[in-house]
Amino acid sequence: MVNVPKSCGTFKKCGKHQLHKVTQDQKSKCSLYATGERCYDGKQSGYGGQTKPIFWKKARITKKIVLRLQCVEPNCRSTRMLAMKRCKHFELGGDKKKKGQEIQF
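All figures in this text were calculated on a predicted structure; none of them were measured in a lab.

Draft legend 1. Molecular detail of the overall build of the protein chain. Within the protein chain, the secondary structure is distributed over one helix and six strands. Its helices and strands in sequence order give the protein chain the pattern β-β-β-α-β-β-β, from N to C terminus. The C-alpha atoms of the protein chain give a radius of gyration of 21 Å, which is well past the 13 Å a tight globule of 105 residues would have. Structurally, the protein chain occupies a C-alpha span of about 60 × 45 × 15 Å along its principal axes. The buried share of the protein chain, taken over its 105 residues, is 13%. The long-range share in the protein chain, meaning contacts at least 24 apart out of those at least 6 apart in sequence, stands at 52%. As displayed, the protein chain has an accessible area near 9500 Å², and 54% of this comes from carbon and sulfur atoms.

Draft legend 2. Spotlight on the side chain of Ser 78. Structurally, the position occupied by Ser 78 is in the loop between strand E4 (64-71) and strand E5 (79-86). Beyond its immediate chain neighbours, meaning those up to four positions away, Ser 78 contacts Lys 12, Leu 69, Gln 70 and Cys 71.

Draft legend 3. Summary view of the nonpolar core. Core analysis: the largest hydrophobic core is formed by six residues, namely Val 4, Val 22, Ile 65, Leu 67, Leu 69 and Cys 87. Here this core gets three residues from one element, more than from any other, and that element is E4. In this structure, Leu 67 is in contact with Val 4, Val 22, Thr 23, Arg 80, Met 81, Leu 82, Met 84 and Phe 90, ignoring residues within four places of it in sequence.

Draft legend 4. Quick look at the sheet that holds strand E3 (residues 17-24). Reading across the sheet, the four strands line up as E2-E3-E4-E5 and stay open at both edges, with antiparallel pairing between neighbours. Looking along the sheet, the strands with just one partner apiece sit at the ends: strand E2 (7-11) and E5. When the angles between neighbouring strand axes are averaged without regard to direction, this sheet yields 40°. Two strands pair when backbone bridges link them, and E3 and E4 are joined in this way by five bridges, in the antiparallel orientation. For Val 22, the partnering residue across the bridge sits in E4 and is Leu 69.

About the criteria used
- Residues numbered from 1 in each chain as written.
- Predicted model: local features only at pLDDT ≥ 70, side-chain atom pairs only at ≥ 80, totals over all residues.
- Heavy atoms only, no water.
- Helix = DSSP H or I, 4+ residues; strand = E, 2+ residues; numbered from the N terminus.
- Rg over C-alpha atoms; globule rule 2.2 N^0.38 Å.
- Buried < 20%, exposed > 50% of the residue type's maximum accessible area, 1.4 Å probe, protein only.
- Contact = heavy atoms within 4.5 Å.
- Areas by Shrake-Rupley, 256 points an atom, 1.4 Å probe, with all protein chains shown as cover.
- Core = buried A, V, L, I, M, F, W, Y, C linked by side-chain atoms within 4.5 Å.
- Pairing = 2+ DSSP bridges.
- Axes fitted to C-alpha atoms, helices over the stretch in contact; angles between N-to-C directions.

Now the structure itself:
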């Protein structure tokens, strides 16, 4: 289980340490006009059924966590992404773990 604070001080592009707001990055909607998507749609159109293989043998059950760090300074607001490792349970701004306390999900 990974617990990350909602704000952290980190280095930014303008050259100094500053407080950053931390959020979990969400996957955006796929563009219909990307080259691969256009080729696939063209091939799929018309008669003939499914033209390319659909992948079924998924091996991984976790996704890599990506954090979005945004500067809280009003005239900066620069953002950067920070990739973390894989984990099954991710918590943003949860309670800190006390010594000798049991883990509850």
